Amino acid sequence: MNLNDLSYVYIFLQSNFLEVPIYLALLGFPGLRNRGVDAMKISLMNLWTHPIVFFLIMPLQLSYLSNIFIAESFAVVAETVILLFLFRQPIAKCFSISLLANLFSWQFAPMLTYFVFYS
């Protein structure tokens, strides 16, 4: 495993670390569901969408902002669809939570990286 592979692992784990609590808090699961299983489902969802964003969309030969817009739009829509199937919640709720979780990780991941590696 080379440094680039480790960099991607860090980026994925960081994104997942930032998004999972938001999904768990805002999906508002009824009753006594197993949070560990739910966190695993969300992590698997991220494991499906994140590599597509990172390896297929971000390297597109467009401007950085265009790539970010396409990548985050894909992530929000794809994760909304996955949430619909995994958790059987209303589409508006799934979309709103996916949008919030992805915007949160997009905004705070660079700050977290800075504090972990450069401060």
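These numbers were taken from a predicted model, which means no experiment stands behind them.

### A look at the packing of aromatic side chains
Inference 1: For the coordinates displayed, the defined rule picks out 7 aromatic pairs.
Inference 2: Measuring from ring centre to ring centre gives 4.7 Å for Y8 and F55, while their planes differ by 45°; the resulting arrangement is tilted. Here the residue Y8 occupies a position in helix α1 (residues 3-27), and F55 occupies one in helix α2 (residues 35-57), the gap between them amounting to 47 residues.
Inference 3: A residue is classified by how much of its surface remains accessible, and Y8, at 13% relative accessible area, is buried.
Inference 4: What makes F55 partly exposed here is its relative accessible area of 47%.
Inference 5: Members of the aromatic cluster, each reached through a chain of ring pairs, are Y8, F54 and F55.

### Thoughts on α2
Quick reminder: α-helices carry 3.6 residues per turn. Residues three or four places apart thus point the same way.
Inference 1: Spanning 23 residues, α2 covers 31 Å between terminal C-alpha atoms, matching the ideal 33 Å at 1.5 Å per step.
Inference 2: Maximum bend of α2: about 25°, positioned at T49, with proline P51 one to four residues after it.

### Examining the packing of helix α3 (residues 64-87) against helix α4 (residues 91-117)
Inference 1: Remark: α3 packs on α4, axes separated minimally by 8 Å, with the N-to-C direction vectors making an angle of 140°. The orientation of α3 relative to α4 falls into the category oblique. Considering how the two elements wind past one another, α3 and α4 form a crossing that is right-handed. Between α3 and α4, the residues in contact are I68, E72, A75, V76, E79, T80, L83 and L84 and I91, C94, F95, S98, L99, N102 and W106, respectively.

What counts, and where the lines are drawn
Residues numbered from 1 in each chain as written. Predicted model: local features only at pLDDT ≥ 70, side-chain atom pairs only at ≥ 80, totals over all residues. Heavy atoms only, no water. Phe/Tyr/Trp six-rings, centres within 6.5 Å; stacked < 30°, edge-to-face > 60°. Helix = DSSP H or I, 4+ residues; strand = E, 2+ residues; numbered from the N terminus. Buried < 20%, exposed > 50% of the residue type's maximum accessible area, 1.4 Å probe, protein only. Expected span 1.5 Å × (residues − 1). Bend = angle between axes of the 7 residues up to and from the residue. Axes fitted to C-alpha atoms, helices over the stretch in contact; angles between N-to-C directions. Parallel < 35°, antiparallel > 145°, perpendicular 65-115°, else oblique. Left-handed = near helix turned anticlockwise from the far one by under 90°. Contact = heavy atoms within 4.5 Å.

By themselves, these are just geometric observations and shouldn't be taken as functional.
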